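Okay, here's what each chain looks like letter by letter:
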Amino acid sequence: MLTIHLKELKPFDAQNYLQHAIAPRPICFASTIDKAGNVNLSPFSFFNLFSSNPPVVIFSPARRVRDNTTKHTLENVLEIPEVVINIVDFDMVQQTSLASCEFAKGTNEFIKAGFTEEKATLVSPPMVKESKIKLECKVLEVKPLGTEGGAGNLVICEVLCMHIDESILDADHSATAQGLPKIDQTKLHHVARLGGDWYAKIDESNLFKVAKPNTQLGIGVDALPESIRKSSILTGNNLGQLANVHEMPFVDPAFTDDKLKNIIQYYSINPDEMDKELHRYAKELLDAGKVTEAWQVLLADY
Ligand SMILES: Cc1cc2nc3c(=O)[nH]c(=O)nc-3n(C[C@H](O)[C@H](O)[C@H](O)COP(=O)(O)O)c2cc1C
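Computed from a prediction, not measured in an experiment: that's the story for all the values here. (Residues numbered from 1 in each chain as written. Predicted model: local features only at pLDDT ≥ 70, side-chain atom pairs only at ≥ 80, totals over all residues.)

A. Structural view of the overall build of the chain. From N to C terminus, the chain includes nine helices and 12 strands. By the compact-globule yardstick of 19 Å for 302 residues, the chain is too spread out, its C-alpha radius of gyration being 26 Å. Judged by the C-alpha coordinates and their principal axes, the chain covers about 85 × 55 × 30 Å. Looking at the chain as a whole, 26% of its 302 residues qualify as buried. (Helix = DSSP H or I, 4+ residues; strand = E, 2+ residues; numbered from the N terminus. Rg over C-alpha atoms; globule rule 2.2 N^0.38 Å. Buried ≥ 20, exposed ≤ 12 C-beta atoms within 10 Å, placed from the backbone.)

Right, here's the structure in full:
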């Protein structure tokens, strides 16, 4: 294991390790204006959601590591404390990268990167028409984190309103309490920034769900029987799934499964091999998300 003390590194190397490690990061494509009304559009992946009530997001235009200068976006929000945060998806990623070039102050990156300005409803910077989600925000506070190159500046923003493209709304009409359609996570192909030039694209091939009971507690890995906890076949993910049940399951007499029957019959004279075979089958079921069935297979061991 390589252990690194960040203060001993050159800022550029520290940034490199951190950006590869803290990844993937969502991208805030920030539209701002200065006092003279010049529009600026730049991407920031030091960005996330920090509160939903009040709705607060934060992004960080850092002081340049190279020469300790500040970004136009930072200068703009200090002049006019408003921003539109446009969410970046795969269809926009190359133009978004183009907008990150260090164009001279006053250059409108909507024009340079080929995006279309759309008038916002509550704030003065324009929205990116091509973006499928736009957040109109008021800047609550700008908090500098340091004065050296690489120091971030937290731009703390309250989200006043969201605009969501119809194409990414839930067609099955899963609705809010007010009857508004929700976002269908599978329809928006977010991109995220990782280390160096690496990006990730979210789509149905890499999305998955992890069931999280939030009203009842999981029993915990420490409560699993030792033979399961110390299994040489079940993985950490499998133990996490099994230990997420809120009480230790019982053998269900109604549970029937041909493969389970075959394992028990075939390996009855060799209990050690039977254990392994049951764990292999339970793993197969867990990897397919079938936790209840996997528990029944493992309980056949007792
Ligand atoms: C995807 C992406 C994410 C970026 N994230 C950040 C960031 O979080 N903080 C930062 O200071 N610069 C970041 N940059 C670099 C800025 O976009 C770049 O410095 C830009 O020129 C700043 O523009 P401005 O001076 O007009 O504000 C990122 C660049 C790209 C392409």
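Now that the structure has been shown, we can carry on.
B. Spatial organisation of the site of the ligand. Taken together, 17 residues lie near the ligand, and Ser42, Phe46, Lys71, Thr73 and Ser100 sit nearest. Elements that contribute at least two residues to the shell around the ligand include exactly β3 (39-44) and α2 (72-79). The greatest single-element share of the shell around the ligand, amounting to four residues, is contributed by β3. Looking at side-chain class alone, the shell around the ligand contains six nonpolar, eight polar and three charged residues. (Near = placed C-beta within 6 Å. Nonpolar A, V, L, I, M, F, W, Y, C, P; charged D, E, K, R; others polar.)

C. Spotlight on the pairing of strand β5 (residues 55-59). Taken together, the five bridges between strand β4 (residues 47-52) and β5 define a ladder with antiparallel strand orientation. Residue pairing across strands places Ser51 opposite Val56, the latter belonging to β5. Adjacent in sequence and paired antiparallel, β4 and β5 are bridged by two residues. Taken together, the four bridges between β5 and strand β10 (residues 153-164) define a ladder with antiparallel strand orientation. Counterpart to Val57 in the pairing with β10 is Cys157. (Pairing = 2+ DSSP bridges.)

D. Expanded view of the packing of helix α8 (residues 271-287) against helix α9 (residues 291-299). Interaxial distance between α8 and α9 falls to 8 Å at its minimum, and their mutual angle equals 175°. By the angle between their directions, the pair α8 and α9 is classed as roughly antiparallel. Counted together, Leu278, Tyr281, Ala282, Leu285 and Leu286 of α8 and Val291, Glu293, Ala294, Val297 and Leu298 of α9 form the full contact between these two elements. (Axes fitted to C-alpha atoms, helices over the stretch in contact; angles between N-to-C directions. Parallel < 35°, antiparallel > 145°, perpendicular 65-115°, else oblique. Contact = placed C-beta atoms within 7 Å.)

E. Here's a closer look at unusual backbone geometry. Here the amide bond leading from Ala23 into Pro24 is cis, since omega sits at -5°, within 30 degrees of zero. Each neighbour pair has its own omega, and for Asn53 with Pro54 the value is 5°, a cis peptide bond. For Pro54, the location among the structural elements is in the loop between β4 and β5.

F. View of the environment of Cys28. Secondary-structure assignment places Cys28 in strand β2 (residues 28-33). Counting along the chain gives 58 residues from Cys28 to Asn86, while the straight-line C-alpha distance between them is 6.1 Å. What Cys28 contacts, discounting residues up to four positions off in sequence, is Phe44, Phe47, Phe59 and Ile85.

G. Main features of the nonpolar core. The biggest cluster of nonpolar side chains holds 32 residues, and the ones touching the most others in it are Cys28, Phe29, Val57, Phe59 and Ile85. Of the residues forming this core, the biggest block, four residues, is contributed by strand β6 (residues 82-87). Residues contacting Phe59, with those up to four places away along its chain left out, are Cys28, Ala30, Phe44, Phe46, Phe47 and Val155. One finds Ile228, Leu285, Ala294 and Trp295 within the second-largest nonpolar core, a separate group that totals 13 residues. (Core = buried A, V, L, I, M, F, W, Y, C linked by C-beta atoms within 7 Å.)

H. Up close: α8. The terminal C-alpha atoms of α8 lie 24 Å apart, and with 17 residues this matches the ideal 24 Å at 1.5 Å per residue to within 8%. Of all the residues in α8, the buried ones are Glu277, Leu278, His279, Tyr281, Ala282, Leu285 and Leu286. On its buried face, α8 is in contact with α6 (236-242), α7 (258-266) and α9. One or two residues past the end of α8 sits Gly289, with phi positive at roughly 80°. (Expected span 1.5 Å × (residues − 1).)

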